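# Geometric and topological summary
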Amino acid sequence: MFGFGKNKSGAAAEPQPPANDSGMFARLKNVLTRTRSSLTSGLANLVLGKKAIDAEVLEELETQLLLADVGVDATRSIVSDLTARAQRKQLDDVDALFAALHEDMQALLQPCAQPLRIDSTRTPFVILMVGVNGVGKT
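The text that follows walks through the structure, step by step, so that each part is easy to find. Every value quoted in this text rests on a predicted model; they were computed, and no experiment measured them.

### A few points about the side chain of R85
Counting through the fold element by element, R85 comes out in helix α3 (residues 72-87). Looking at R85, the relative accessible area reads 16%, which means it is buried. Only 3.1 Å separates the side chain of R85 from the side chain of E103, close enough to count as a polar contact.

### A closer look at the pattern of salt bridges
One pass over the full model with this rule turns up 3 salt bridges. Ionic pairing is found between R85 and E103, a salt bridge with its closest N-O pair at 3.1 Å. One end of the pair, R85, is in helix α3; the other, E103, is in helix α4 (residues 94-109), with 18 residues separating them in the sequence. On the basis of relative accessibility, which here comes to 43%, the residue E103 falls in the partly exposed class. The closest approach of N and O atoms between R85 and D104, which form a salt bridge, is 3.6 Å. One end of the pair, R85, is in helix α3; the other, D104, is in helix α4, with 19 residues separating them in the sequence. Judged by relative accessible area, D104 falls into the buried class, the value being 12%.

Here is what the cut-offs are and how they apply
Residues numbered from 1 in each chain as written. Predicted model: local features only at pLDDT ≥ 70, side-chain atom pairs only at ≥ 80, totals over all residues. Heavy atoms only, no water. Helix = DSSP H or I, 4+ residues; strand = E, 2+ residues; numbered from the N terminus. Buried < 20%, exposed > 50% of the residue type's maximum accessible area, 1.4 Å probe, protein only. Polar contact = N/O pair within 3.5 Å; in protein donor to acceptor, adjacent residues only side chain to side chain. Salt bridge = Lys/Arg side-chain N within 4 Å of Asp/Glu carboxyl O.

Dropping the structure here:
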């Protein structure tokens, strides 16, 4: 009726194969690199010119973590710990904030750090991929 998806001859346009020639791991690496870059540049801009760690910095940090798909529960946990540390005067500068952020993120990931062991005697072996839409799970 409106001609969407049709070529000039009136026939429906054939779907084009995706132009991405890279493999799954290359795409995953690319997506993770973009996320890391977004997070690190966002954090660098967050503290640019700041001397003290205040509520505004912690609120912006929370936003940056959520934008980097860290997750709501993990972000709440990290920000509440950093807020408590700031109230106890343990975070007196930007370097201390980043060190504490690094510690908190490692503490969250540590229980998941285990090697993948595939039992070749049990087939088929299924791996469930869970993640946000559009990040390259396919």
